[in-house]
Amino acid sequence: QVQLVESGGGLAQAGGSLRLSCAASGRTFSSYAMGWFRQAPGKEREFVASISRSGGSTYYADSVKGRFTISRDNAKNTVYLQMNSLKFEGTAVYSCAARPYTWTGNAYDYNYWGQGTQVTVSS
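Below or above, wherever it landed, is the structure these notes cover. (Residues numbered from 1 in each chain as written. Predicted model: local features only at pLDDT ≥ 70, side-chain atom pairs only at ≥ 80, totals over all residues. Heavy atoms only, no water.)

**Examining the nonpolar core**
How we decide: Nonpolar core, defined: a set of buried Ala, Val, Leu, Ile, Met, Phe, Trp, Tyr and Cys residues in which side-chain atoms within 4.5 Å join the residues together. Each residue gets one of three labels from its accessible area relative to the maximum for its type: buried under 20%, exposed over 50%, partly exposed in between, using a 1.4 Å probe on protein chains only. A run of DSSP states H or I qualifies as a helix once it reaches four residues; a run of E qualifies as a strand once it reaches two. Both are numbered from the N-terminal end.
Within the largest apolar cluster, 35 residues are counted, with the highest numbers of intra-cluster contacts made by Leu4, Met34, Trp36, Leu81, Met83 and Tyr94. If you list the elements that add at least two residues to this core, you get strand 3 (18-24), strand 4 (32-39), strand 5 (46-51), strand 7 (68-73), strand 8 (78-83), strand 9 (92-100) and strand 11 (117-122). Tallying contributions element by element places strand 9 first for this core, with five residues.

Below, the structure written as structure tokens:
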């Protein structure tokens, strides 16, 4: 069982930056691939980024590639999402998720989810 708690959301101007954190409980954090997803009002949840168990491999949605960076610190049981050059359409609830072993970009593959943190980008 893994419990995830996100933090770091808030209000940012377009072109600005925010850093999200996701703290995980348990001693086996390094056994889980991690992902970030977002859901805007009236829209379906979409994949943002994912990272392998070791942190050696990362994968990004085309819409955020070059602007967002996912990373993890297994000693701190935390995964991060650095978001730069934010766009208005990035306004959404951002959630982190965990799944054993291999990382994917499919939300249905993830077993554990945080409650989400709101990111609002003003134009």
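**Observations concerning the side chain of serine 50**
The condition that has to hold: Note on contacts: a residue pair qualifies if any of its non-hydrogen atoms lie within 4.5 Å across the two residues.
Mapping serine 50 onto the fold places it in strand 5. Given the relative accessible area of 0%, serine 50 is considered buried. Once residues within four sequence positions are removed from consideration, serine 50 is found in contact with Met34, Gly35, Ser57, Thr58, Tyr59, Ile70, Trp103, Thr104 and Tyr110.

**Concerning the sheet that holds strand 7**
Our working definition: Note on pairing: DSSP must find at least two bridges between two strands before they are called paired. Fitted lines through C-alpha atoms serve as axes, helices being fitted only where they are in contact, and the angles separating the N-to-C directions of these axes extend from 0 to 180 degrees.
A sheet is described by the order of its strands in space; here four strands give the open sequence 1-3-8-7, paired in antiparallel fashion. Either end of the sheet is taken by a strand with one partner, and the two such strands are strand 1 (4-7) and strand 7. Along the sheet, successive strands turn relative to each other by an average axial angle of 15 degrees, direction set aside. Direction of pairing for strand 1 relative to strand 3: antiparallel, over a ladder of four bridges. The partner of valine 5 across the bridge, within strand 3, is alanine 23.

**Observations concerning unusual backbone geometry**
Here asparagine 77, not a glycine, exhibits a phi torsion of approximately 55 degrees, which is positive. Within the secondary structure, asparagine 77 is located in the loop between strand 7 and strand 8. Residue class for asparagine 77 comes out buried when judged on its relative accessible area of 17%. The backbone phi angle of tyrosine 101 is positive, close to 70 degrees, even though this residue is not glycine. Tracing the sequence through the fold places tyrosine 101 in the loop between strand 9 and strand 10 (112-113). Overall, the relative accessible area of 55% leaves tyrosine 101 in the exposed class.

Any functional reading would require information beyond the geometric quantities listed.
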